[in-house]
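Each chain, written out:
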Amino acid sequence: MTGNAVPPPLAGITVVDFSELLPGPFFTQSLAEMGARVVKIERPPHGDNVRRMGPGVFDAVNRGKQSLLVDLKDEAGRAEVHALIATADIVVESYRPGVMGRLGFDAARLCAEFPQLVYVSLSGYGQEGPWAGLPGHDINYLAAAGVLAVSGVPDGGPAQSFGLPVADLCGAMYALSSTLAALYQRAHTGQGQHLDVALADCALHWMNPRVGAWRESGAVTLEAQREATLVKPAYGAFACRGGRHVSIAALEDHFWARLCDALDLAPYGGDEFRAMKARKDVAVAINGRIAEVLADWEADEVFSLLQRHDVPAAPVVEPSHVSGLPQFAYRDKFEAGSLLPVARYPVAMAGMVPGGLGGAPALDNARD
């Protein structure tokens, strides 16, 4: 560092990362983007399974990390990793409960030896409880937390319809925020701690706003909860001429009034539907009327019209076209890349250098 340059937020923080697949690496990728040194511990002969299962995913969530290919069942390998942990601030692991203990790197042992250590365990159901040892993936954790039951389409069964691994990414973000809080707490107390991050628990916490709404409305049956969650008037993605879609979210009464000024939504544009409660009762019909009207419009025309009327709306952008959206281009949100470039950490902070991470480590150059 020279002159008045500001170091990145996590400069000087070292992370030893045993995690594989998605939640742990996505979490430690964020730490790396904030300036931490992340050393990824990989098992021979192939390293993280995602290198083979989904090399594009691996590259996207392991940028800027170092990699150490080491046999943790070998005494010399364990000694090498132990020496690295002695210099670390954070240890991250995502094995099932008990695996790290068998390798000699469990939280109880390491936190006793290195009291300043923040040790993060990411698992499906947590370190304790009757389900702690169960295998699982994103859909299983969403099912257990009640999310899947109220997902899908109104007249269909449960479906993981969001298009993203919600529990995996939700858990990664709780791991990130909790780790940063633990580092802040350590600055005052000098003590680290073990963070038990269960993906199902994290998805469960995200359900609280829905639960609050259901409690208020008395929606105690699954049918009522699905209707309250999945059926909203003037809220959805609507097909336009040519096959493109526009999203509309005119929930509040004043936005609904503006939507009625922009589009002919008769017979629902009168005063009797100015209040949300009245619209809710005919939500399916209102959305049907909006769909009928927009079927004759081009998507760009609809978006331009609704912009002028100050109605919450946005075109439904295909992933291959997102990097060309003027809003994201203006805010410089993507790393360099000609096809589907990856997005940068979304919050700019002093000292962070956009695009400065480089790529993911190659396995044959693991110690570079």
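This text goes with the structure placed above it.
Conventions we followed
- Residues numbered from 1 in each chain as written.
- Predicted model: local features only at pLDDT ≥ 70, side-chain atom pairs only at ≥ 80, totals over all residues.
- Heavy atoms only, no water.
- Helix = DSSP H or I, 4+ residues; strand = E, 2+ residues; numbered from the N terminus.
- Contact = heavy atoms within 4.5 Å.
- Areas by Shrake-Rupley, 256 points an atom, 1.4 Å probe, with all protein chains shown as cover.
- Lys, Arg positive; Asp, Glu negative; His and termini not counted.
- Charge placed at Lys NZ, Arg CZ, Asp CG, Glu CD.
- Salt bridge = Lys/Arg side-chain N within 4 Å of Asp/Glu carboxyl O.
- Buried < 20%, exposed > 50% of the residue type's maximum accessible area, 1.4 Å probe, protein only.
- Core = buried A, V, L, I, M, F, W, Y, C linked by side-chain atoms within 4.5 Å.
- Pairing = 2+ DSSP bridges.
- Axes fitted to C-alpha atoms, helices over the stretch in contact; angles between N-to-C directions.
- Phe/Tyr/Trp six-rings, centres within 6.5 Å; stacked < 30°, edge-to-face > 60°.
- Lys NZ or Arg CZ within 6 Å of the ring centre and 35° of its normal.

## Structural notes on the overall build of the protein chain
Move 1: Along the backbone of the protein chain there are 16 helices and nine strands.
Move 2: In terms of overall dimensions, the protein chain has a C-alpha envelope of 75 × 50 × 40 Å along the principal axes.
Move 3: At a minimum sequence separation of 6, the contacts of the protein chain that also span at least 24 residues come to 69%.
Move 4: With an accessible surface of roughly 19,200 Å², the protein chain has 57% of that area assigned to carbon and sulfur atoms.
Move 5: Side chains of the protein chain give 30 positive and 41 negative charges; the mean places of these two sets differ by 2 Å.

## Some words on the pattern of salt bridges
Move 1: Within the structure shown, the criterion is met by 17 salt bridges.
Move 2: Taking the shortest distance from any N to any O, the salt bridge between Asp332 and Arg344 comes out at 2.9 Å. Of this pair, Asp332 sits in the segment after helix H16 (326–330) while Arg344 sits in the segment after H16, and the two are 12 residues apart along the sequence.
Move 3: On the basis of relative accessibility, which here comes to 17%, the residue Arg344 falls in the buried class.
Move 4: In the salt-bridge network here, residues are joined through shared partners; they are Glu33, Arg63, Asp332, Glu335 and Arg344.

## Observations concerning the nonpolar core
Move 1: Among the nonpolar cores identified, the biggest contains 25 residues, and Val15, Phe27, Leu31, Ile90 and Val120 are the most heavily contacted of them.
Move 2: Element by element, the count of residues in this core is highest for helix H8 (residues 166–189), at six residues.
Move 3: Once residues lying within four places of it in the same chain are set aside, the contact partners of Val15 are Thr28, Leu31, Ala36, Arg37, Val38, Val39, Ile90 and Val92.

## Brief notes about the pairing of strand S4 (residues 90–93)
Move 1: Along S4, one buried face is formed by Ile90 and Val92 and the opposite face, lined by Val91 and Glu93, is buried too.
Move 2: Across three bridges, the pairing between strand S1 (residues 14–17) and S4 is parallel. For Asp17, the partnering residue across the bridge sits in S4 and is Val92.
Move 3: Of the pairings in the sheet, the one linking S4 to strand S5 (residues 118–123) comprises four bridges and is parallel in character. Looking across to S5, one finds that Val91 is bridged to Tyr119.

## Observations regarding the sheet that holds strand S2 (residues 37–42)
Move 1: One open sheet holds the six strands; their spatial order is S3-S2-S1-S4-S5-S6, and the pairing between them is parallel. Looking at which strands have only one partner, the edges of the open sheet turn out to be strand S3 (66–69) and strand S6 (193–198). Between one strand axis and the next, the sheet turns by 20° as a mean value, whatever way the strands run.
Move 2: The pairing of S2 with S3 spans four bridges and is classified as parallel. From the neighbouring strand, Lys40 faces S3, where its bridge partner is Ser67.
Move 3: Along the sheet, helix H1 (residues 23–33) contacts S1, S2, S4 and S5; its crossing angle with S5, the most-contacted strand, is approximately 145°.
Move 4: Contacts between helix H4 (residues 75–85) and the sheet are confined to S1, S2, S3 and S4, with S2 contributing the most and set at about 160° to the helix.

## A word on the packing of aromatic side chains
Move 1: Tallying each qualifying case throughout the model produces five aromatic pairs.
Move 2: Both rings, one in Tyr268 and one in Phe273, keep their centres 5.4 Å apart while their planes meet at 70°; by these two values the pair is edge-to-face. The two residues Tyr268 and Phe273 agree in class, both being buried.
Move 3: Clustering of aromatic rings is evident, with ring pairs tying together Tyr125, Trp131 and Tyr141.
Move 4: Across the ring face of Tyr235, the terminal group of Lys232 is positioned such that the distance to the ring centre comes to 5.5 Å.

## Details of the environment of Met173
Move 1: Following the sequence through the fold, Met173 ends up in helix H8.
Move 2: A relative accessible area of 33% places Met173 in the partly exposed class.
Move 3: In this structure the C-alpha to C-alpha distance between Met173 and Phe27, which are 146 residues apart in sequence, comes to 6.6 Å.
Move 4: Met173 has contacts with Phe26 and Ser30, leaving out every residue within four places of it along the chain.

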